Amino acid sequence: MNTNSELKVVYFPSCINRSMGKNSFQAADDLQLTELTHQLLVRAGFTIIYPEEMDAQCCGMPFSSKGFAKANHSQSNALETALLKASENGKYPVLYDMSPCFYHSKEEFSENLKIVDPIEFMMDYVMPRLTVKNKKDTVAVFPVCSVKKIGKMDQLLALSQLCAHQVTMIDSNCCGFAGDRGFLVPELNEHGLKDLKAQIPESCTEGYSTSRTCEIGFERMSGIDFKSIFYLIEEVTR
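- Per an unreviewed UniProt entry, the recorded name for the protein is (Fe-S)-binding protein, and the organism is Flavobacterium nackdongense.

This is the structure we're talking about:
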């Protein structure tokens, strides 16, 4: 790592990506997302700063979605304080690796922090510093609900097209996983993705997104490898 560089980023790995590991298609020696992201950022020339007490940090969305407003605000406030300190009061951008967590913090935070969603950060900060060496033939991508809310669908498509010759954007209002509800009520996921298989070309065996739980639902319903788009970027620029 280049510790003398002024090209610094605060990386906040979501609690979901810290805890849920890899999908069933990934090999035993594949890196977990948090480690892969670290290596990708270093290769792009970034010095990485992590927030203090990272294992205790969460954006608060898991509490908010269950109606626990007090716990949500407590977690969100603690994260905001930690990110302010890590970024030297907003001097450096803060990378989120899950779009729903970014969206939640964007709605919750009150201070002038430059938090950046995973699509924008890769498109504007990382890709200009790397070279695409082995573009994929065909991939599928899915814009999760928060990506639609922040208007990043076109940027997700453009980012994917930098990495693959043919990109299929999955057309679904919502994957139905809805945070963690897909674990408890799989019928939601089954209904949300009832038209999924018909949309995926036969030659396509890989799909990408920016939300771990949505990807679990996609893997289950598509039968193909579905993971963070950070894996795609890392592979084609390696």
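### Details of the sheet that holds strand β8 (residues 225–228)
Point 1. What the four strands build is an open sheet, ordered β6-β5-β7-β8; its pairing is parallel. Unpaired on one side and paired on the other, β6 (164–169) and β8 mark the two borders of the sheet. The mean angle between the axes of side-by-side strands here comes to 30°, regardless of whether they run parallel or antiparallel.
Point 2. One ladder, built from five bridges, connects strand β5 (residues 136–141) with β6; its direction is parallel. Within the sheet, the bridge partner assigned to K136 lies in β6 and is A164.
Point 3. Packed onto the sheet, helix α12 (residues 212–222) meets β7 (206–209) and β8 and runs at close to 170° relative to β8.
Point 4. Across the sheet, helix α13 (residues 229–237) touches β5, β7 and β8, and the angle it forms with β8 is around 90°.

### Here's the deal with the sheet that holds strand β3 (residues 94–96)
Within a sheet, each strand pairs with its neighbour through backbone hydrogen bonds, oriented either parallel or antiparallel.
Point 1. Ordered in space as β2-β1-β3-β4, the four strands form an open sheet in which the pairing is parallel. Here the strands that pair on one side only, and so sit at the sheet edges, are β2 (47–49) and β4 (115–116).
Point 2. Pairing geometry for strand β1 (residues 8–12) and β3, over three bridges, is parallel. Looking across to β3, one finds that F12 is bridged to Y96.

### Focus on the packing of aromatic side chains
Point 1. Taken as a whole and assessed by the stated rule, the structure comprises eight aromatic pairs.
Point 2. Where Y96 meets F102, the ring centres are 6.2 Å apart and the plane angle is 80°; that geometry is what we call edge-to-face.
Point 3. Among the aromatic residues, those joined into a ring-pair cluster are F12, Y96 and F102.
Point 4. Just above the ring of Y231 sits the side chain of K227; from NZ or CZ to the centre is 5.7 Å.

Calculation notes
Residues numbered from 1 in each chain as written. Predicted model: local features only at pLDDT ≥ 70, side-chain atom pairs only at ≥ 80, totals over all residues. Heavy atoms only, no water. Pairing = 2+ DSSP bridges. Helix = DSSP H or I, 4+ residues; strand = E, 2+ residues; numbered from the N terminus. Axes fitted to C-alpha atoms, helices over the stretch in contact; angles between N-to-C directions. Contact = heavy atoms within 4.5 Å. Phe/Tyr/Trp six-rings, centres within 6.5 Å; stacked < 30°, edge-to-face > 60°. Lys NZ or Arg CZ within 6 Å of the ring centre and 35° of its normal.

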